[in-house]
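# Topology and contacts: notes
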Amino acid sequence: MESVESIVNETGYKLNIVVIAAVFLALVVFGLDRLLQEPAETVKVGQLSEESAEAISDSETTTEPASSATIAVLPFADMSPEGDQAYFSDGIAEEILNVLVKVDGLAVASRTSSFQFRNRESIGIPTIAEELNVRLVLEGSVRTAGETIRITAQLIDAQADQHLWSETFDRTLTTEQLFAIQDEIATAIVNAIRGDLGIKVGETQAAQMPTANVDAYQMFLKGRSIYRSRVALDEAEQTLARAFELDPEFADARAMQAAIYTIAPEYGYALAPSPRRSRELSREMASEALALDPD
């Protein structure tokens, strides 16, 4: 029995020695780590080389200037009497943006970035341009009255805070005229960049008119606007269904219907008897859209 106790005591003593040694070693390592870190933490800017200090100063006080061939298209203002056609004015601005994106040598701010400045024009175009890191800003307005439409557009050089170009278009409300105006605005912008700023950019490409039915096109723009908000997806689907009914060749309307049926169950909208059936309908509509427009 004494032999067993002796062994236990000896083992406990050895364990104590090991524990004490481990703690001591940990304290030594911790202390060395602190000593090695302190010089880096206490370096003063005055102790750096002149080049390093200047580099830090420059990075803190300057930003990369916007390239001359950069533009943002802001959402066009809805000037309709009821003020309920923002989807239409947004659609006009977005189509112009889509035309400008295809111009070689011209960088265009994304729709998401530009459209966040809706109703924030009071902060000033130079400030908006600085936040978007662009030099040029296109703003405008849309007003419809019966069978006529008025679109006003202004191109602003934010660096000089002055207009480079502005125009008002009064036309008959047809899809042909709408897309013609969009092309004219894009061409005028390119000409201003070349002539007033002396910057070489590519040619504009004519926007592809997805439908000749102006009512179907307006329904499409409205349905697309609702779809993007991810609310009232049932209303968006009905609106796009109406657009496709007005023009059974309108591939974009059918494609967006397919998109709605894909996401509807996730947002709590029962557009079909079951989520599985909703996805099946989505695939069917997508196939129809591709058959109408393989591109």
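Please refer to the structure placed before this passage.
These lines cover the structure that appears in this document, whether it is placed above or below.

Calculation notes
Residues numbered from 1 in each chain as written. Predicted model: local features only at pLDDT ≥ 70, side-chain atom pairs only at ≥ 80, totals over all residues. Heavy atoms only, no water. Salt bridge = Lys/Arg side-chain N within 4 Å of Asp/Glu carboxyl O. Helix = DSSP H or I, 4+ residues; strand = E, 2+ residues; numbered from the N terminus. Buried < 20%, exposed > 50% of the residue type's maximum accessible area, 1.4 Å probe, protein only. Axes fitted to C-alpha atoms, helices over the stretch in contact; angles between N-to-C directions. Parallel < 35°, antiparallel > 145°, perpendicular 65-115°, else oblique. Contact = heavy atoms within 4.5 Å.

It is worth spelling out the pattern of salt bridges at this point. Under the definition given, this model contains 13 salt bridges. A salt bridge links Arg-224 to Glu-94; the shortest N-O distance between them is 3.5 Å. Of this pair, Arg-224 sits in helix 7 (residues 214–229) while Glu-94 sits in helix 3 (residues 86–101), and the two are 130 residues apart along the sequence. Comparing Arg-224 with Glu-94, the two get one shared label, buried. Each of Glu-94, Arg-111, Arg-224 and Arg-228 takes part in salt bridges that share partners, so that together they form one network.

With that settled, consider the environment of Ala-216. With respect to the helices, strands and loops of the structure, Ala-216 is situated in helix 7. Sequence separation of Ala-216 and Ala-243 is 27 residues, and the distance between their C-alpha atoms is 4.2 Å.

Their axes nearest at 9 Å, the elements helix 3 and helix 7 cross at an angle of 95°. When the interaxial angle is binned, helix 3 and helix 7 end up roughly perpendicular. Contact with helix 3, carried on its side by Tyr-87, Phe-88, Gly-91, Glu-94 and Glu-95, involves Tyr-217, Gln-218, Leu-221, Lys-222, Arg-224, Ser-225 and Arg-228 of helix 7 and no other residues of that element.

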